[in-house]
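The chain contents come next:
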Amino acid sequence: MEEPALRPVAAAGLPAAEEEEGPGCELEGRRRDERSLEALSLAASGGAAAGRQQQLLEGRRATLASALELEGTVLREGRLTQFVANNLERRIRLSGAPRGEAAAGGGSSIPAIDPGALQDVVVLAGQVAAQVDELLRNVHCGLQALTALSVGCIQTYRDGVESLGEAADLSIRAMYALVARCEELDRAMQPVPALAKRIRDMKGTLERLEGLCK
């Protein structure tokens, strides 16, 4: 049941393969032609063939998942599948060991890790760590500058409020002192109307005496 679903994939690369083959491979070419015709007939069958192919794909996924479950833990989240291998540290150690030691240790299928690649990873990790340290220092300096600016603004605001309070207090005191002086002046000016009356009387008397003297 699985071979028909794989034939369209093989048929997709058929023309280029036939151009490269020599005259001694006619039988193989005929077989491929038959496969391509069968693939075309399967493609023309419509939704039924697509459904069967989808079922085959799901069956393969289920088979692959069951095989992975034997080697580790499989986690599925929607269309995302995560796999965590058992004895991961042991597999990593065996991958870094020589082929003879790896075969003696259990014949792991994990390929050996390139030491140059590990060295490149170490160098890149050091560069990333240096860049992160520089970024943290810049952020620290920026936060210190912002903190100093905030403290300066708060101190300026506090000084302004204190100065405004002192100025308002002095203004109120000066106003009360001015009111008190005005009241004292008003009391001191109370004899002025009587004095003005006496001056007018004296002036009238002087005018009468001047008239008599003439």
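What you are looking at is a predicted structure, and each value in this text was computed from that prediction instead of being measured.

What follows is about the overall build of the protein. A count of helical and extended segments in the protein gives eight helices and two strands. Helices (α) and strands (β) of the protein occur, in sequence order from the N terminus, as α-α-α-α-β-β-α-α-α-α. By residue count, 7% of the 214 residues in the protein fall in the buried class. Relative to all contacts within the protein whose residues are 6 or more apart in sequence, the contacts with residues 24 or more apart total 21%. Counting only carbon and sulfur atoms, one obtains 61% of the accessible surface of the protein, whose full area is about 17900 Å².

Here we take up the pattern of salt bridges. Going through the model one piece at a time under the given rule, you end up with two salt bridges. Residue Asp-159 pairs with Arg-158 through a salt bridge whose shortest N-O separation is 3.8 Å. Judged by its relative accessible area of 38%, Asp-159 is partly exposed. Note that Arg-173 and Asp-169 form a salt bridge whose closest N and O atoms lie 3.4 Å from each other. Here Arg-173 and its partner Asp-169 are both found in helix 7 (residues 115-188), four residues apart, which amounts to about one turn of the helix. On the accessibility criterion, Arg-173 (54% relative accessible area) is exposed.

A cluster of nonpolar side chains, contributed by Leu-88, Ile-92, Ile-113 and Leu-118, occupies part of the molecular surface with about 350 Å² of accessible area. Its place among the elements puts Ile-92 in helix 5 (residues 88-96). A relative accessible area of 48% places Ile-92 in the partly exposed class.

Quick look at the pairing of strand 1 (residues 72-77) now. Bridge analysis of strand 1 against strand 2 (residues 80-85) gives six bridges, and the strand direction is antiparallel. Residue pairing across strands places Thr-73 opposite Val-84, the latter belonging to strand 2. Counted between consecutive antiparallel strands, the loop separating strand 1 from strand 2 contains two residues, among which Gly-78 sits at a positive phi close to 70°.

Mean pLDDT over the protein: 75, with 62% of residues reaching 70 or higher. Of all helices and strands in the protein, the one with the weakest mean pLDDT is helix 1 (residues 3-12) (40), whereas helix 7 scores best (93). Per-residue pLDDT stays below 50 along residues 1-24; that stretch engages in 22 contacts with residues further than four places along the chain or on separate chains.

To continue, consider the environment of Val-74. Relative to the elements of secondary structure, Val-74 occurs in strand 1. Note on Val-74: relative accessible area 14%, which makes it buried. It is 6.6 Å that separates the C-alpha atoms of Val-74 and Val-84, two residues lying 10 residues apart in sequence.

What counts, and at which threshold
Residues numbered from 1 in each chain as written. Predicted model: local features only at pLDDT ≥ 70, side-chain atom pairs only at ≥ 80, totals over all residues. Heavy atoms only, no water. Helix = DSSP H or I, 4+ residues; strand = E, 2+ residues; numbered from the N terminus. Buried < 20%, exposed > 50% of the residue type's maximum accessible area, 1.4 Å probe, protein only. Contact = heavy atoms within 4.5 Å. Areas by Shrake-Rupley, 256 points an atom, 1.4 Å probe, with all protein chains shown as cover. Salt bridge = Lys/Arg side-chain N within 4 Å of Asp/Glu carboxyl O. Patch = residues over 30% accessible without salt bridge, like charges linked within 9 Å, V, L, I, M, F, W, Y side chains within 5 Å. Pairing = 2+ DSSP bridges. pLDDT = per-residue confidence, 0-100.

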